[in-house]
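Fold and contact review
Letter by letter, the chains look like this.
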Amino acid sequence: MMLHQPSPGDTAGVTKSRTIADGDLVIVYERIDAMKSYFVDAQKTYHGRFGLFPVQDWIGKPFGSRVYSKGTGGGQQGWIYLLAPTPELWTMVLRHRTQILYAADISIICMYLELRPGCTVLESGTGSGSLTHALARAIAPTGHVHTFDFHQQRASEAEAEFNRHGLGKLVAVQHRNIEEHGFPEELHGKADALFLDLPGPWKARSLALSSVVKSAEACLRPDGIFCAFSPCIEQVQRTCEALASCSFTAPRTMECLLRSYEVSNEKMVIDLSRAEEATLESRKRKRQTKETKDSRGRAVRAKTNGAMRGRDAAQQSQTPRADPLPGSESKDQHMGSPAADSVAPEAPEQAPEPASAAGAAPAAASAATAEAGAPEVKAVAAAEQRSGDGKVFQVLALPTADARGHTGYLTFARRLVEFIEP
Ligand SMILES: C[S@@+](CC[C@H](N)C(=O)[O-])C[C@H]1O[C@@H](n2cnc3c(N)ncnc32)[C@H](O)[C@@H]1O
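Here the structure is a predicted model, which means the values were calculated and not measured.

A few points about the overall build of the protein chain
Of regular secondary structure, the protein chain possesses 13 helices and 17 strands. A burial count over the protein chain gives 31% of its 422 residues as buried.

Describing the sheet that holds strand β9 (residues 171-175)
What the seven strands build is an open sheet, ordered β9-β8-β7-β10-β11-β17-β12; its pairing is mixed. In this open sheet, the two edge strands, each paired with only one partner strand, are β9 and β12 (248-255). Adjacent strand axes in the sheet meet at a mean angle of 15°, parallel and antiparallel pairs treated alike. The strands that helix α4 (residues 152-164) touches are β8 (144-149) and β9; relative to β9, the one it contacts most, it runs at about 165°.

Concerning the confidence of the model for the protein chain
Confidence in the prediction for the protein chain averages 78 pLDDT; 71% of positions are at 70 or higher. Counted against residues more than four places away or in other chains, residues 303-379, with its pLDDT under 50, gives 104 contacts.

Comments concerning the site of the ligand
Within the structure, the ligand sits among 22 residues, and Gly125, Gly127, Ser130, Phe150 and Glu179 are positioned closest to it. Contributions of two or more residues to the shell around the ligand are made by α3 (130-139), β8 and α5 (178-181).

Quick look at the packing of helix α2 (residues 103-112) against α3
Relative orientation of the contacting elements α2 and α3 amounts to 35°, with a least axis distance of 10 Å. Here α2 runs over α3; the crossing is right-handed. Listed contacts from α3 to Ile106, Ile109 and Cys110 of α2 are Leu131, Ala134 and Ala138. Classifying every residue of the contact of α2 with α3 gives six nonpolar, no polar and no charged.

Observations regarding unusual backbone geometry
Omega for the peptide link from Ser124 to Gly125 comes to -10°, which places this bond in the cis form. As for its position among the elements, Gly125 is in the loop between β7 (120-124) and α3. Cis geometry is adopted by the peptide bond preceding Pro141, which originates at Ala140 and carries an omega value of 5°. A positive phi angle, near 60°, is found at Glu114, a position not held by glycine. By the element assignment, Glu114 lies in the loop between α2 and β7. For Glu114, a count of 15 C-beta atoms within 10 Å corresponds to the partly exposed category. Even without glycine at this site, Ala250 takes up a positive phi of about 50°.

Looking at the nonpolar core
Side chains that are nonpolar tend, in soluble globular proteins, to be buried together. Counting 55 residues, the largest nonpolar core has Val121, Ile139 and Leu194 as its most contacted members. In this view, Leu194 contacts Val121, Leu122, Ala216, Cys219, Leu220, Gly224 and Phe226; residues no more than four positions away in its chain are not counted. Membership of the second largest hydrophobic core comes to twelve residues, among which are Val26, Trp58, Phe63 and Leu82.

Some thoughts on the environment of Lys214
Along the chain, the position of Lys214 falls in helix α6 (residues 212-219). In this structure the C-alpha to C-alpha distance between Lys214 and Cys246, which are 32 residues apart in sequence, comes to 6.5 Å. Setting aside anything within four residues of it in sequence, one finds Lys214 in contact with Leu209 and Cys246.

A few points about α6
Taking burial as the measure, the eight residues of α6 include six buried ones, the bulk of the element. All buried positions along α6 are accounted for by Val212, Val213, Ser215, Ala216, Glu217 and Cys219.

Examining the environment of Gly168
Within the secondary structure, Gly168 is located in the loop between α4 and β9. Each C-alpha atom of the pair Gly168 and Ala136 lies 9.7 Å from the other, and the pair is 32 residues apart in sequence. Once residues within four sequence positions are removed from consideration, Gly168 is found in contact with Phe162 and Asn163.

Comments concerning helix α7 (residues 233-244)
Taking 1.5 Å per residue as the helical rise, α7 with its twelve residues ought to reach 16 Å, and the 16 Å between its terminal C-alpha atoms agrees with that figure. Of the positions making up α7, those classed as buried are Gln235, Val236, Thr239, Cys240, Ala242 and Leu243. Take α7 and look down its axis: the buried residues cluster within an arc of 160°, on one side only. Projecting away from the buried face of α7 at angles above 90 degrees are the exposed residues Ile233, Glu234, Glu241 and Ala244. Residues of α7 that are buried make contact with α6, β11 (220-230), β12 and β17 (409-415).

Criteria and thresholds
- Residues numbered from 1 in each chain as written.
- Predicted model: local features only at pLDDT ≥ 70, side-chain atom pairs only at ≥ 80, totals over all residues.
- Helix = DSSP H or I, 4+ residues; strand = E, 2+ residues; numbered from the N terminus.
- Buried ≥ 20, exposed ≤ 12 C-beta atoms within 10 Å, placed from the backbone.
- Pairing = 2+ DSSP bridges.
- Axes fitted to C-alpha atoms, helices over the stretch in contact; angles between N-to-C directions.
- Contact = placed C-beta atoms within 7 Å.
- pLDDT = per-residue confidence, 0-100.
- Near = placed C-beta within 6 Å.
- Left-handed = near helix turned anticlockwise from the far one by under 90°.
- Nonpolar A, V, L, I, M, F, W, Y, C, P; charged D, E, K, R; others polar.
- Core = buried A, V, L, I, M, F, W, Y, C linked by C-beta atoms within 7 Å.
- Expected span 1.5 Å × (residues − 1).
- Arc of directions from axis to C-beta.

See below:
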C-alpha cells in the first residue's frame, strides 16, 4: 500500500491511477497540521473536524480526491482530502511508540546510504518504524530490509504494521538485542547498507562481541555504507573511535537542520513599486515623532532632576529613561520600515484555500511579515499580480516559526574494499 506498483501502460501518475477500495489505508488531510491515518470501512461514517463523511462515498474515488461532508439537511459542509499513504505521510501521522526519525534525517540517510532497488539493508532499532518505511520503498521491489529491536512488543507491533501496509515481503523484523549479540551471523557479508539508531554503537555487552560497529563491519559488503544516528556529540566521538578501529574509511558526521517556508498569496496594503517613496515618507514621520518625544523627554528630565537633587542615585537610575536606550534606535528604524508601515500584508479577502504544502497560515504569515524588514520581504517576494481593482497581490515565502532544531548527528562511513591489518 505504501508502494505504488504501476500497471503496464500506466501513465496517469501515482495518485490518479489508484482508486480507493474498502479496507485501504488512506491519510485523511484536514489541514497540514491535522492529518490522520484511517482504514476505509464502507459501513462507517468518518467523524472529522469539518463534519461527518459517509465512507461509502469514498469507494472508487481516486486517491488525492477532495470529499465533502454531509450536512444535517443533506447539504455540503466541509471537505477533506483522501491521500495515498507514502512513507513521508506515514512519518507525519504514525503513533509514536518511541522517538522517531523525521523527513530531514530520513532523506539524508537514504541518499548517503546509496539505497537503490535490490539493496539489502540492516537496521536497529526498529522503534516506531518511521525510517523502516522509507528504507523499504528505496530498496523495493527486489531488495530487503532486516530490522532488529530488543523490545518484544515494539518488534511485534512494527511487524504487524509492515504487513498491514503491504511491506511484509520487503521487511523482516526480529526481536534481538544487537548490543548484546550483534547482528546474526547468517547476515555476515550480505548488507549493502546498515543503519543504527541505538544508544551505544561502540558498545558490546558480551565477550564474543567487541562492539556493534565490529558486527556491522562483518555484515557489510566491501564498499557498503554504515550510518549511525546519535543525539549527542560524545556518542559520535565514541562511534568514530570504534569505526577507526575497524575497516571503515571516509567517516563523516552531519547535522541536518530544517527551515521550512510558508508560501502564501497576500494582498499588500500598498503598491510595492511605491515602496521606496513610502519608506522615505515613513522615516520622515518617525523622525518627527522621535524629535517630539525627545523634546518632551528633555523637559521631563529637567523637572525630575530638579526634584531629585540630593536623593539616592540608585533610585534615580530606576527612573524610566526618556532617551532611547542602546538598541532602541535600531528598533525604531525597524518599526519604520515599509514592512511595518506600508507593505504589511492584509488578511486575505477570499476564504483561504487549504493550507499550502508548506503549511501556510495567512494570519501567521502576516505576523511574520510585519516583523520582517522591507528588504527581506522584497527578497522573498517571488511574483506580483494586480487585481482588477488595482490591488497588489504578492506571493510571499516566509520562514515558519516552528523551524526544527537539533535532533541528532548522522555519522557515515564506508566499509573498505580491501583491508590489510597492519
Ligand atoms: C529511537 S528508537 C528508533 C526509532 C526509529 N529509528 C524510527 O524512526 O522509528 C530506538 C529503538 O532502539 C531499540 N533498542 C535500544 N537498544 C537496543 C539494543 N541493544 N538492541 C536492539 N534494539 C535496541 C529500542 O527498543 C527502540 O525501539
